[in-house]
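# Tertiary structure, described
Here are the chains, one letter per residue:
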Amino acid sequence: DTAVSQTPKYLVTQMGNDKSIKCEQNLGHDTMYWYKQDSKKFLKIMFSYNNKELIINETVPNRFSPKSPDKAHLNLHINSLELGDSAVYFCASSQDHGASSGNTIYFGEGSWLTVV
Amino acid sequence: AQSVAQPEDQVNVAEGNPLTVKCTYSVSGNPYLFWYVQYPNRGLQFLLKYITGDNLVKGSYGFEAEFNKSQTSFHLKKPSALVSDSALYFCAVSSLNQGGKLIFGQGTELSVKP
């Protein structure tokens, strides 16, 4: 009964490939997020969706395209992967307007992406 | 612009001793403050948050944090550290009109030795 689940957990792929990371939450939340953790462990938001509508897009390259088929799912598709895309990608979810309303954001276990 | 600073990259504590992980923040308006913990190769786990009210908030695993508005700080504390507390700790902040997102500090590696 994992709250926020994302797959795959580990992904090794070659430069130039296209890959997707899937995320699902069973908490009944309205808002979902993608965060990126770089090699120095720094966490930065990439996107957020509220009820399938894009709310935040933090100057992420166009090669990254989130897709939200319904409010329980937010997938991340990455085109033409580059070495610099190697990172840990975390999916997360929260109620309503997330942390801006004091709601807790719950994170998945992460997807470790390595581009070779 | 919002920001969070965790001035110590690493904190070393002996088991049984009290621990403190420091966090200061900068935000316009009233802050919402959070602490998360990340174990190796795992996701972020929520520990506690301050929204309003009592400045001392208690959270999971015996952790607590004190909100200090004048010092713009939200230090994480535990009276008696366990070896199993060794992990990476993140402080984060949000406020109204920030689109729901959290801004994270750079993280503090806590090492508790037997």
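The structure displayed is predicted, hence computed values, not measured ones. (Residues numbered from 1 in each chain as written. Chains lettered and ligands numbered in written order. Predicted model: local features only at pLDDT ≥ 70, side-chain atom pairs only at ≥ 80, totals over all residues. Heavy atoms only, no water.)

## Let's talk about the interface of chain A and chain B
At the junction of the two partners, chain A supplies 27 residues and chain B supplies 25 residues. Counting the surface lost from both chain A and chain B, the interface buries some 2,000 Å², and carbon and sulfur atoms represent 55% of this. Between the two partners, chain A and chain B, sit 2 salt bridges. As a salt-bridge pair, Glu 109 of chain A and Arg 42 of chain B come within 2.5 Å of each other at their nearest N and O atoms. (Contact = heavy atoms within 4.5 Å. Buried area = accessible area lost by both parts, 1.4 Å probe. Salt bridge = Lys/Arg side-chain N within 4 Å of Asp/Glu carboxyl O.)

## Digging into the side chain of Ser 65 of chain A
Residue placement: Ser 65 of chain A occurs in strand S7 (residues 64-70). What Ser 65 of chain A contacts, discounting residues up to four positions off in sequence, is Asn 75, Leu 76 and His 77 of chain A. (Helix = DSSP H or I, 4+ residues; strand = E, 2+ residues; numbered from the N terminus.)

## Re the sheet that holds strand S3 (residues 19-25) of chain A
All names here are of chain A. Spatial strand order, S1-S3-S8-S7: 4 strands in an open sheet with antiparallel pairing. Sheet topology places strand S1 (4-7) and S7 at the edges, where each strand pairs with a single neighbour. When the angles between neighbouring strand axes are averaged without regard to direction, this sheet yields 20 degrees. Where S7 lies against strand S8 (residues 73-78), 5 bridges are found, and the strand directions are antiparallel. (Pairing = 2+ DSSP bridges. Axes fitted to C-alpha atoms, helices over the stretch in contact; angles between N-to-C directions.)

## Comments concerning the state of the cysteines
Per the stated rule, a full pass over the model turns up 2 disulfides over all chains. Across the disulfide, Cys 23 of chain A is cross-linked to Cys 91 of chain A (sulfur-sulfur distance 1.8 Å). Measuring the twist about the S-S bond at about -80 degrees, one finds the Cys 23 of chain A-Cys 91 of chain A disulfide to be left-handed. Residue Cys 23 of chain A is located in strand S3, and its partner Cys 91 of chain A is located in strand S9 (residues 87-94); the two are separated by 68 residues in the primary sequence. Note on Cys 23 of chain A: relative accessible area 1%, which makes it buried. With its sulfur 2.0 Å from that of its partner, Cys 23 of chain B forms a disulfide with Cys 91 of chain B. (Disulfide = S-S within 2.5 Å. Buried < 20%, exposed > 50% of the residue type's maximum accessible area, 1.4 Å probe, protein only.)

## Some thoughts on the environment of Ser 26 of chain B
Residues and elements named next belong to chain B. Turning to its location among the elements, Ser 26 is positioned in strand S4 (residues 24-26). Between the alpha carbons of Ser 26 and Lys 77 there is a distance of 20 Å; along the sequence they are 51 residues apart. Each residue touching Ser 26, except ones within four places of it in the same chain, is listed here: Ala 1, Gln 2 and Ser 3.

## Let's talk about the side chain of His 29 of chain A
Residues and elements named next belong to chain A. Along the chain, His 29 turns up in the loop between S3 and strand S4 (31-37). Side-chain polar atoms of His 29 contact the backbone nitrogen of Ser 94, separated by 3.3 Å. Residues contacting His 29, with those up to four places away along its chain left out, are Lys 71, Ser 93, Ser 94, Gln 95 and Tyr 106. (Polar contact = N/O pair within 3.5 Å; in protein donor to acceptor, adjacent residues only side chain to side chain.)

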